[in-house]
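Topology and contacts: notes
So the chains spell out like this:
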Amino acid sequence: LEEVSKKEFDRAVTIPQPQDVEADHLLKDLHRACPELHFSLETDAAVQAVAAWKKTLRPHLDDLAQIAGERILSTKKDPAAIRKALKRNNAVLVPGVGAVCCAKDPEDLWAIQMIMRKSAMAALYAQTCSAAPLSPVDRRIMRLVYTMKYAKKKTEQ
């Protein structure tokens, strides 16, 4: 199924070449402002392509809604604007960068980066076939259940 999906995706979607991103100063500023969190950049070509839309990403996949947020905002390449956009989400799109991801531990950060790559591919494919994102109610319920139930279980362990 993955092979067939990959072939269909490659047939339907053209992803521009990724840019070389020089944004280490963003991570340093974010770490300095919020030392209790882990931050990373996701500069995958698909993520950069979606960030270039300069629009909020509404999830097509349930794991993005659950783990990263019910909508991934787009903001400028400014640490204060990024921190503000990350208040309710674990990722933010930044044109010219891709995505800035954040989490309380490195394992969650890795998962968010992977989900952002997968979700960017889903958004690009959805654009080619006019597929609608998950409904706002579904996204909110998914995020709420995740944050109230599953995320709490992890902190209890």
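Check the entry above for the structure.
Residues numbered from 1 in each chain as written. Predicted model: local features only at pLDDT ≥ 70, side-chain atom pairs only at ≥ 80, totals over all residues. Heavy atoms only, no water.

**Considerations on the nonpolar core**
Membership of the largest hydrophobic core comes to 25 residues, with the highest contact counts inside it found for L57, I72, L93, I112 and M116. Residue assignment for this core shows that the elements contributing at least two residues are α3 (45-51), α4 (62-68), β2 (91-94), β3 (98-103) and α6 (106-129). The element contributing the most residues to this core is α6, with 7 residues. Residues in contact with I112, not counting those within four places in the same chain, are I67, A68, N90, A91, C101, C102 and A103. By size, the runner-up hydrophobic cluster in this structure holds 15 residues, among which are L26, L41, V92 and V94. (Core = buried A, V, L, I, M, F, W, Y, C linked by side-chain atoms within 4.5 Å. Buried < 20%, exposed > 50% of the residue type's maximum accessible area, 1.4 Å probe, protein only. Helix = DSSP H or I, 4+ residues; strand = E, 2+ residues; numbered from the N terminus. Contact = heavy atoms within 4.5 Å.)

**Examining the pairing of β3**
Counting buried positions along β3 gives 6 out of 6 residues, so the element sits mostly inside the fold. By the bridge criterion, 5 bridges tie strand β1 (residues 38-42) to β3 in an arrangement that is antiparallel. Within β3, the residue paired with H38 across the bridge is A103. Bridge count between β2 and β3: 4 bridges; the pairing is antiparallel. Across the sheet, residue A91 finds its bridge partner in β3, namely C101. Between β2 and the antiparallel strand that follows it, β3, lie 3 residues; G96 among them carries a positive phi value of about 85°. (Pairing = 2+ DSSP bridges.)

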